[in-house]
Amino acid sequence: MSPRLRRRKSDDDLLVALGGLVVVALVLVKVGQWAWAHWWVLVVLGLLALLAGAGRIYRQGDQMRSAQLGVEGLNYSPGQLDAMHHSAFEHAVRDLLARDGSRDALRRGGRGDLGADVKGHDPLGRLWVIQCKHRRKGLDGSAVGTPELQTLNGTGRPVHGGDVVVMVTNGRI
């Protein structure tokens, strides 16, 4: 390649780079103008980021609390299970999963859990997806019905990727 062609190619490359910088600068100015005009969107996004961070910290704390319980030898009588609040029942199931070798047993229950109150991997690496149904009156209370089983069956493997999908109750199915 002749020196003149090389110089022309380097001039073209310089012009392309300068054009790219101008485009980037214009985009940044427009984004800045939009952000100034719609500051509330940035506030909402910031709050959502804070909530997501707080949720992550809570889940990590939940895992650490589970590990600190010293769940070895943990057992519950039927009367103890019946006397629990439904969230305590979910924590008990999580602790039993941890007792049986899960290092990442986590309670995820609540509205919108898509049929997974407790999740965790067993020592063989299988993911357990557990739906907990606590009945205030135990065996004398209402039975877990078909809709709950269908929800668990419809989400346990396809949504949560569970290898073992289980319904746990202190009542009856």
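Residues numbered from 1 in each chain as written. Predicted model: local features only at pLDDT ≥ 70, side-chain atom pairs only at ≥ 80, totals over all residues. Heavy atoms only, no water.

Q: Would you mind going over the overall build of the chain with me for this structure?
A: Of regular secondary structure, the chain possesses five helices and four strands. Overall, the chain shows an N-to-C arrangement of helices and strands of α-α-α-α-β-β-β-α-β. Among the 173 residues that make up the chain, the fraction classed as buried is 27%. Pairs at least 24 residues apart make up 53% of the contacts formed inside the chain by residues separated by at least 6 positions. As displayed, the chain has an accessible area near 12,000 Å², and 62% of this comes from carbon and sulfur atoms. (Helix = DSSP H or I, 4+ residues; strand = E, 2+ residues; numbered from the N terminus. Buried < 20%, exposed > 50% of the residue type's maximum accessible area, 1.4 Å probe, protein only. Contact = heavy atoms within 4.5 Å. Areas by Shrake-Rupley, 256 points an atom, 1.4 Å probe, with all protein chains shown as cover.)

Q: Hey, could you run me through the nonpolar core in this one?
A: The tendency in soluble globular proteins is for nonpolar side chains to be buried as a group. Counting residues in each nonpolar core, the largest one holds eleven residues, listed as Leu81, Met84, Phe89, Ala92, Val93, Leu97, Ala98, Ala105, Val118, Ile130 and Cys132. Elements supplying a minimum of two residues to this core: helix H4 (86–99) and strand S3 (127–133). With five residues, the single largest contributor to this core is H4. Apart from residues no more than four positions distant in its own chain, valine 118 is found in contact with Glu90, Val93, Arg94, Leu97, Leu106, Arg107, Arg108, Trp128, Val129, Ile130 and Cys132. Counting residues in each nonpolar core, the second largest holds six residues, with Val129, Val144, Leu152 and Met167 among its members. (Core = buried A, V, L, I, M, F, W, Y, C linked by side-chain atoms within 4.5 Å.)

Q: How should I be thinking about the side chain of aspartate 117 in this particular structure?
A: Looking at where aspartate 117 falls in the secondary structure, it is placed in the loop between strand S1 (106–107) and strand S2 (118–121). The charged side chain of aspartate 117 is buried without a salt bridge, its nearest counter-charge being lysine 133 at 5.7 Å. For aspartate 117, the side chain forms a polar contact with the main-chain nitrogen of cysteine 132, separated by 2.8 Å. In contact with aspartate 117, not counting residues within four places along its chain, are Glu90, Leu106, Arg107, Arg108, Gly109, Gly110, Ile130, Gln131 and Cys132. (Lys, Arg positive; Asp, Glu negative; His and termini not counted. Salt bridge = Lys/Arg side-chain N within 4 Å of Asp/Glu carboxyl O. Polar contact = N/O pair within 3.5 Å; in protein donor to acceptor, adjacent residues only side chain to side chain.)

Q: Got a minute to help me understand H4 in this structure?
A: With 14 residues, H4 ought to run about 20 Å at 1.5 Å a step, and its terminal C-alpha atoms sit 20 Å apart, in line with that. Residues Phe89, Glu90, Ala92, Val93, Arg94, Asp95, Leu97 and Ala98 constitute the buried set of H4. (Expected span 1.5 Å × (residues − 1).)

Q: Would you take a moment to explain the side chain of histidine 134 for this structure?
A: Secondary-structure assignment places histidine 134 in the loop between S3 and helix H5 (146–155). By relative accessible area, histidine 134 is classed as buried at 13%. A polar side-chain atom of histidine 134 sits 2.8 Å from the main-chain carbonyl oxygen of leucine 81. A polar atom in the side chain of histidine 134 sits 3.1 Å from the backbone oxygen of methionine 84. Those residues in contact with histidine 134, other than ones at most four positions away along the chain, are Leu81, Asp82, Met84, His86, Phe89 and Asn170.

Q: Would you mind showing me how to read a nonpolar patch on the surface here?
A: Nonpolar side chains collect at one region of the surface, where Trp34, Trp39, Trp40, Leu42, Val43, Val44, Leu45, Leu47, Leu48, Leu50 and Leu51 lie side by side and expose about 1,200 Å² of accessible area between them. Of the residues forming the nonpolar patch, the biggest block, ten residues, is contributed by helix H2 (residues 39–68). (Patch = residues over 30% accessible without salt bridge, like charges linked within 9 Å, V, L, I, M, F, W, Y side chains within 5 Å.)

Q: How should I be thinking about the sheet that holds S1 in this particular structure?
A: Whether parallel or antiparallel, the strands of a sheet pair through hydrogen bonds between backbone atoms. Strands sit in the order S1-S2-S3-S4 across an open sheet of four strands; the sheet is mixed. Among the strands making up the open sheet, the edge pair consists of S1 and strand S4 (164–169). Where S3 meets S4, six bridges bridge the pair, whose relative direction is parallel. If you follow cysteine 132 over to S4, its bridge partner there is valine 168. The strands touched by H4 are S1, S2, S3 and S4; relative to S3, the strand with the most contacts, the crossing angle is about 150°. (Pairing = 2+ DSSP bridges. Axes fitted to C-alpha atoms, helices over the stretch in contact; angles between N-to-C directions.)

Read these as geometric descriptors, not functional statements.
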